[in-house]
Amino acid sequence: MGNFGIWILTICLIFQSGYGFYLPGSYPLKHVVGNSLSVKVNSLTSIDTEMPFSYYSLPFCKPLEGVKDSAENLGELLMGDRIENSPYKFKMYTNESEIFLCQTDKLSAHDFKLLTKRIDEMYQVNLILDNLPAIRYTMKEGFMLRWTGYPVGVKIQDVYYVFNHLKFKVLVHKYEVPDVARVMGTGDGADVIPTAGNKGLDVPGYMVVGFEVVPCSVMHDGNLVKNLKMYEKYPSPIKCEPTTVSKPIKEGEPIVFTYEVTFEESDIKWPSRWDAYLKMERAKVHWFSILNSLMVITFLAGIVLVIFLRTVRRDLTRYKELDKEAQAMVNEELSGWKLVVGDVFRAPSNPDLLCIMVGDGVQILGMAIVTILFAALGFMSPASRGALITGMLFFYMILGIAAGYVAVRLWRTIGFGNPKGWISVAWKAACFFPGISFSILTVLNFLLWGSHSTGAIPFSLFLVLLLLWFCISVPLTLIGGYFGAKAPHVEYPVRTNQIPREIPAQRCPSWLLVLSAGTLPFGTLFIELFFIMSSIWMGRVYYVFGFLFIVLILLVVVCAEVSLVLTYMHLCVEDWKWWWKSFFASGSVAIYIFMYSVNYLIFDLKSLSGPVSATLYLGYSLFMVLAIMFTTGTVGFLSSFWFVHYLFSSVKLD
């Protein structure tokens, strides 16, 4: 009972503590004064090419102990991150200046050409200290701009300059023992969490809460560093002026690298140290735009829903008020959706493909909901690199059981309960969307391999993904298919005629109406889509997962309503081929998203250089659009199926 009381007290303190709630892997790290701090380097990145490259692909200084890769998760590798150690080392709360790093070899023609090319392509160097990316502040027209990383160099009047001196500022905060540890360090919990009286907590320490960098281009005297070793003091003072550059890059000349570091105590606490990275420009516009979009779309969807319910209810009420003789007379003069009673549940063309796409759509939708929900709760914050992609893969594989179940049960429903062929349907559901995804990613990966980019997925990782696919996702999908084959199929409320009814000529092509229906779901997405695209392609941090979850729920509702309305309209004009049309009525939003992606490429990514970069962008956009089409189409189809089943179950027609 004592242990139970301690845990109850712990939970209470978590919610009441002013130190915030620390998620796994984000607990504050204590550094004693004088302790060594090591800076890590990530891949070089550029919004001009969208192709990351290794930091050590350029002639930079290498650590004495050699280049070593940091342990990375699956998501980091898929995102193109390559985190390695660097020669930059600090001592906690110890200011140092004029630290000599190294003098490179004389620049060869290849190194000179590569270095100038990376400067032309505006590549950024990304440094990491205690899991915090280096941040850089610049002033422009009176506004303070925030950047992550710093440029490799700059080109001024056809002369290339390299930033060879870095001025670091490390913000620290005094280490504070959370209240939970203090309480848990008493009584029965003394052997679980160390108390304030234990050795180690008495020694004053600090937490890293900020990491800033100012790059400078400084002309060093090569003769002064001939006999210097790494981390020794540079013989003469170094003036770091960010507004001036003085170290031009010349073929056949070496480059001298130096740095300095200052520590500054800050009021920023550990839970708030990522706030500087998550601040978004025009935040008020962002919130207002999303809220306005939600209100408008909700209002329009409400009007559509009210009109729709009133129309259907009026039809059903009028029919139920008639007696049997009157109903018999009415049956002879039926019009609208009542005429297709014998054909409305006739099997569609390519029923196996429809079942497969719906099953895959359920799997993707489930993955999106669970992933965004976990991200909104803070379990996949930017501090946990790669956690979002890793979580998406994990949930997608686990939800293969849902894909198999839905696909096979729908297959049995269309086949009037016949389970024949369910293994084939489940197998295809397990391979259809992943197969398309692997095909697209393989083509894009060959382009990245040819460019020697770190964004290319290593061959070993390809094998891991294939093993995850065939050893986890496929078996789970087949298990779901087994349960779907054993589950009772959905009974149709009416019989299907042997001879199909002829569909009257339509004034307006039905597919034109279906394709135009995607505009309303697109209206719920386009504002949030801009911020997501900016996060992916402009290097900005996306973190408003709470709003994204609301937008996703609203999108599901709107897709369902749009598909219901169009299905009812088709039935009213005696068009009983509603199966595929209900899928693409809401799935057509993918067409508008792809058009928006092309528009974003032309007008927002003007600086994107080269056909390889454009191909990568369009390839990833196509992958995203296909996933959205499967998801929204599935929502539309399932809602229309439920509606048609409910509609024809409500009346008795001979």
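Above this note sits the structure.
Residues numbered from 1 in each chain as written. Predicted model: local features only at pLDDT ≥ 70, side-chain atom pairs only at ≥ 80, totals over all residues. Heavy atoms only, no water.

Colleague: Before we go on, may I ask you to explain the overall build of the protein chain in this structure?
Modeller: From N to C terminus, the protein chain includes 18 helices and 15 strands. Here the protein chain, with 654 residues, has 49% of them falling under the buried criterion. Nonlocal contacts in the protein chain, meaning residues at least 24 apart in sequence, comprise 84% of its contacts between residues at least 6 apart. Accessible surface, the protein chain as shown: approximately 32,400 Å² in total, 64% of it carbon and sulfur. (Helix = DSSP H or I, 4+ residues; strand = E, 2+ residues; numbered from the N terminus. Buried < 20%, exposed > 50% of the residue type's maximum accessible area, 1.4 Å probe, protein only. Contact = heavy atoms within 4.5 Å. Areas by Shrake-Rupley, 256 points an atom, 1.4 Å probe, with all protein chains shown as cover.)

Colleague: It is not clear to me how the packing of helix H8 (residues 351-376) against helix H15 (residues 545-572) should be interpreted in this structure. Could you clarify?
Modeller: Two numbers describe a pair of packed helices, the interaxial angle and the distance between the axes. Two elements in contact, H8 and H15, have axes whose closest approach is 8 Å; the angle formed by their N-to-C orientations is 150 degrees. Judged by the inter-axis angle, H8 sits roughly antiparallel to H15. You can see that H8 and H15 cross each other, and the crossing is left-handed. Along the contact surface, H8 presents Leu365, Ala368, Ile369, Ile372, Leu373, Ala375 and Ala376, while H15 presents Phe545, Gly546, Leu548, Phe549, Leu552 and Val556. Broken down by class, the residue content of the contact of H8 with H15 amounts to twelve nonpolar, one polar and no charged. (Axes fitted to C-alpha atoms, helices over the stretch in contact; angles between N-to-C directions. Parallel < 35°, antiparallel > 145°, perpendicular 65-115°, else oblique. Left-handed = near helix turned anticlockwise from the far one by under 90°. Nonpolar A, V, L, I, M, F, W, Y, C, P; charged D, E, K, R; others polar.)

Colleague: Even after reading the chapter, I still don't get the pattern of salt bridges, so can you show me in this structure?
Modeller: Oppositely charged side chains can pair when the atoms bearing their charge come close. All chains considered together, the criterion is met by ten salt bridges. Across the pair Glu98 and Lys233 runs a salt bridge, and its minimum N-O distance is 3.1 Å. Of this pair, Glu98 sits in strand S4 (residues 96-103) while Lys233 sits in the loop between strand S14 (205-216) and strand S15 (256-265), and the two are 135 residues apart along the sequence. Relative accessible area serves as the criterion here: at 15%, Glu98 is assigned to the buried category. Classification of Lys233 as exposed rests on a relative accessible area of 51%. A salt bridge links Lys581 to Asp575; the shortest N-O distance between them is 2.4 Å. Lys581 sits in the buried class, given a relative accessible area of 8%. Via salt bridges that share partners, Lys169, Glu212 and Glu264 belong to a single interconnected network. (Salt bridge = Lys/Arg side-chain N within 4 Å of Asp/Glu carboxyl O.)

Colleague: Just to check I follow, could you spell out the pairing of strand S12 (residues 159-162) for this structure?
Modeller: Both strand S11 (residues 153-156) and S12 contribute to a ladder of four bridges, which runs antiparallel. Looking at S12, one finds that Val154 is bridged to Tyr161. With antiparallel pairing between neighbouring strands as the criterion, S11 and S12 make up a hairpin whose turn holds two residues, including Gln157 at a positive phi of roughly 50 degrees. (Pairing = 2+ DSSP bridges.)

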